[in-house]
Structures are given as C-alpha cells and as structure tokens.
Amino acid sequence: MKFSTSVTSSRRKNRKAHFGAHSEARRKLMSANLSKELQTRYGVRSMPIRKDDEVVITRGMYKTREGKVTACFRKKFVVHVERITREKVNGTTVPVGIP
C-alpha cells in the first residue's frame, strides 16, 4: 500500500534507484540492525555498516557466524567479514562477499 505521493511504487523505478544509487546513498542502503543494548544506548534501530564493526550474519549459508568487517564495497553492495573465506581451486583463500 502506498502512503506517500512523492515516492514511486513502480518496481522498475525502484530498481533503477537502487542499482544506480551514488556512493552516499549506497551507504544508507547498506545499513544493519543494531543489537538491543546498542539500540537503547544510541536511540536508533539501525546504522550504516563500516569497517571494524562487529557483526552477526543472520541469513544465508553463513548464518549465526560472527566477525569483524574487514572491507565494505559499496559499488558491489558487499561486505567482507573476517574468518568467512572460501578456498579456491589453486589453494588460495579469498574472502566471501556477504550481501
């Protein structure tokens, strides 16, 4: 249900806005929920994620894994978390991007 007349509900326009967003807008899009104690301390429910944040992954193959954010790629909408890696065929380990 649409409440605001200044915002579109068109799938096409929303996808264009999301994938064509500039870096500062992507920062807001890549925000994560805070723990209950942090919510009460700062008075906000979520904050943009950045390097050196402690995170818990809540979805996907790596659910319930914890770690520190090592890199945040706004261009790819991806975050790298320490100790979440994959081994390539040639034996090297690479960080797995968490969307």
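A brief look at the structure comes next. A quick note: this is a predicted structure, and the numbers were derived from the prediction, not measured.

Parameters and conventions
- Residues numbered from 1 in each chain as written.
- Predicted model: local features only at pLDDT ≥ 70, side-chain atom pairs only at ≥ 80, totals over all residues.
- Heavy atoms only, no water.
- Pairing = 2+ DSSP bridges.
- Helix = DSSP H or I, 4+ residues; strand = E, 2+ residues; numbered from the N terminus.
- Patch = residues over 30% accessible without salt bridge, like charges linked within 9 Å, V, L, I, M, F, W, Y side chains within 5 Å.
- Areas by Shrake-Rupley, 256 points an atom, 1.4 Å probe, with all protein chains shown as cover.
- Salt bridge = Lys/Arg side-chain N within 4 Å of Asp/Glu carboxyl O.
- Buried < 20%, exposed > 50% of the residue type's maximum accessible area, 1.4 Å probe, protein only.
- Phe/Tyr/Trp six-rings, centres within 6.5 Å; stacked < 30°, edge-to-face > 60°.
- Lys NZ or Arg CZ within 6 Å of the ring centre and 35° of its normal.
- 1 Å grid on protein atoms, 1.4 Å probe; cavity = no way out; pocket = protein on both sides within 12 Å on 5 of 7 lines; lining within 4 Å.
- Points joined across faces, edges and corners; volume = space filled by probe spheres on them.

### A short note on the pairing of strand 6 (residues 93–98)
Regular strands place side chains that alternate from one sheet face to the opposite one.
Part 1 of the reasoning: Here strand 5 (residues 78–87) runs beside strand 6; their pairing, made up of five bridges, is antiparallel. Each residue of the ladder has a partner; that of Glu87, found in strand 6, is Thr93.
Part 2 of the reasoning: In sequence, strand 5 turns back onto strand 6 through a hairpin of five residues, with Gly91 there showing a positive phi of about 100°.

### Observations concerning a nonpolar patch on the surface
Part 1 of the reasoning: Together, Tyr42, Val44 and Met47 make up an exposed nonpolar region whose accessible area comes to about 260 Å².
Part 2 of the reasoning: Judged by relative accessible area, Met47 falls into the partly exposed class, the value being 33%.

### Some points on the packing of aromatic side chains
Part 1 of the reasoning: Enumeration according to the criterion identifies zero aromatic pairs in this entry.
Part 2 of the reasoning: Stacked on the ring of Phe73, the Lys or Arg Lys76 has its end atom at 4.8 Å from the ring centre.

### Points about unusual backbone geometry
Part 1 of the reasoning: A positive phi angle, close to 55°, is found at Phe77, a residue other than glycine.
Part 2 of the reasoning: In this fold, Phe77 is placed in the loop between strand 4 (66–73) and strand 5.
Part 3 of the reasoning: For Arg83, which is not glycine, the phi dihedral falls at a positive 65°.
Part 4 of the reasoning: Along the chain, the position of Arg83 falls in strand 5.

### Observations concerning the environment of Pro99
Part 1 of the reasoning: Relative to the helices and strands, Pro99 is located in the segment after strand 6.
Part 2 of the reasoning: What makes Pro99 exposed here is its relative accessible area of 88%.

### Re the layout of surface pockets
Part 1 of the reasoning: Size it by volume and the largest pocket reaches roughly 1,200 Å³.
Part 2 of the reasoning: Ser31, Ala32, Asn33, Ile49 and Val55 are, among the 34 residues lining the largest pocket, the residues nearest its centre.
Part 3 of the reasoning: Breaking the lining of the largest pocket down by element, the ones donating at least two residues are helix 2 (23–29), strand 1 (31–33), helix 3 (36–42), strand 2 (46–48), strand 3 (54–56), strand 4 and strand 5.

### Quick notes on the pairing of strand 4
Part 1 of the reasoning: Bridging between strand 3 and strand 4 involves three bridges; their strand directions are antiparallel. Paired with Glu54 across the bridge in strand 4 is Lys68.
Part 2 of the reasoning: Relative to strand 5, strand 4 runs antiparallel, the two sharing four bridges. What sits directly across from Val69, in strand 5, is Val81.
Part 3 of the reasoning: Connecting strand 4 to the next strand, strand 5, in antiparallel fashion are four residues, including Phe77 with a positive phi near 55°.

Function cannot be read off these values alone, since they describe shape.
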